[in-house]
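# Observations on the three-dimensional arrangement
The chain contents come next:
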Amino acid sequence: MNTGTAAQVASVSSNGVYSFTKPTRESITLLEGLGVEGDVHAGVTVKHRSRVAQDPTQPNLRQVHLIHRELFEEVAEAGHELEPGQLGENVTTEGIDLLGLPTGTLLRLGADAVVEVTGLRNPCLQIDAFQHGLLKLVVSRDDEGNLLRKAGIMGVVHRGGTIRPGDSIEITLPPEPHTPLERV
């Protein structure tokens, strides 16, 4: 799952108010079963506006949003400049194929925090409002016509802790058979 570079946290972000982007921070604290301390999307039940409108009692499987820094390089080739936090992620990673992880993977971020991967982020039209044409780069189709979502993954906090840029990421895969990520 590793690209040859040691998997690590490149940046951390949070925002206490609804906004598409999230400012970067020196550190964030993950709270078990809730998400990022002080972040608008933290909670036991759904906090994303579209999900709340459907059913506010749904469990929050989107407590932590992670994006791979390598995506920024990919979209830069098409003329889109992105910085950590600009797509609303809490954790920007590097050196790890987030999209290739199976559901249930445990990611230890730093010394203590553990996030359980729940699925793929479902990119929305706000991405195009942020930078016109960006949505078609983070949602596409493969040669067989299958939908590809590249705007990161979502997870729940399995064990709390503080994480900072430069912290290592350790990957623990779930028992086989592995279930590929689907949108959550």
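Please read all numbers here as calculations on a predicted model, not as lab measurements. Sequence positions are assigned chain by chain, starting from 1 and proceeding in written order. Under the rules for a predicted model, residues below a pLDDT of 70 receive no local features and side-chain atom pairs below 80 are neither given nor counted, while totals for whole chains, interfaces and linings still include all residues. To obtain the side-chain values, all non-hydrogen atoms of the structure were used and water was disregarded.

### Points about the environment of Glu-170
- Secondary-structure assignment places Glu-170 in strand E13 (residues 169-172).
- On a C-alpha basis, the gap between Glu-170 and Leu-106 in space is 8.1 Å, while along the polypeptide they are 64 residues apart. Think of it this way: any DSSP run of H or I at least four residues long counts as a helix, any run of E at least two long counts as a strand, and we number them from the N terminus.

### A closer look at the layout of surface pockets
- Here the largest pocket is characterised by a volume of approximately 570 Å³.
- Cavity: a set of points on a 1 Å grid over the protein atoms alone where a 1.4 Å probe fits but cannot get out. Pocket: an open set with protein on both sides within 12 Å along at least five of seven lines, its lining residues, like those of a cavity, having an atom within 4 Å of a point. For the largest pocket, the lining is made up of 23 residues, of which His-41, His-48, Arg-62, Cys-124 and Gln-126 are closest to its centre.
- Among the elements that take part in the lining of the largest pocket, helix H1 (residues 49-54) stands out by supplying four residues, more than any other. Grid points are joined across faces, edges and corners, and a volume is the space filled by probe spheres set on the points.

### Overview of the pairing of strand E11 (residues 153-159)
- Using a 1.4 Å probe on the protein chains alone, a residue whose accessible area is under 20% of its type maximum counts as buried, one over 50% counts as exposed, and one in between counts as partly exposed. The element E11 is extensively covered by neighbouring structure, given that five of its seven residues are classed as buried.
- Strand pairing requires that DSSP identify at least two bridges connecting the strands. Where strand E5 (residues 64-68) lies against E11, three bridges are found, and the strand directions are antiparallel. Bridging from a neighbouring strand, Val-64 pairs with Gly-155 of E11.
- When strand E8 (residues 113-120) meets E11, the two strands line up antiparallel, connected through six bridges.

### Section: the sheet that holds E13
- Pairing is mixed across the open sheet formed by eight strands, whose spatial order is E2-E1-E6-E5-E11-E8-E7-E13. Taken across any chain shown, the strands that pair with only one partner, and hence form the sheet edges, are strand E2 (24-25) and E13.

### Focus: the pairing of E8
- For E8, the buried fraction is high: seven of the eight residues fall into the buried class.
- Taking the residues between adjacent antiparallel strands as the criterion, strand E7 (residues 106-109) and E8 are bridged by three residues, where Gly-110 takes a positive phi near 75°.

### What to know about unusual backbone geometry
- Here the residue pair Glu-176 and Pro-177 is connected by a cis peptide bond, since its omega of 5° sits within 30 degrees of zero.
- Mapped onto the elements of the fold, Pro-177 is located in the segment after E13.

### Considerations on the pattern of salt bridges
- Between Lys or Arg on one side and Asp or Glu on the other, a salt bridge is scored when a side-chain nitrogen of the former is within 4 Å of a carboxyl oxygen of the latter. Enumeration according to the criterion identifies five salt bridges in this entry.
- Between Glu-170 and Arg-108 there is a salt bridge, with the nearest N and O atoms lying 2.9 Å from each other. Taken as a pair, Glu-170 in strand E13 and Arg-108 in strand E7 lie far apart in primary sequence, 62 residues in all.
- Take Glu-170: its relative accessible area is 40%, and that puts it in the partly exposed class.
- Residue classification places Arg-108 among the partly exposed residues on the basis of a relative accessible area of 28%.
- Each member of the salt-bridge network shares a partner with another, and the members are Arg-69, Glu-73 and Glu-94.

Purely geometric stuff here, so don't read any function into it on its own.
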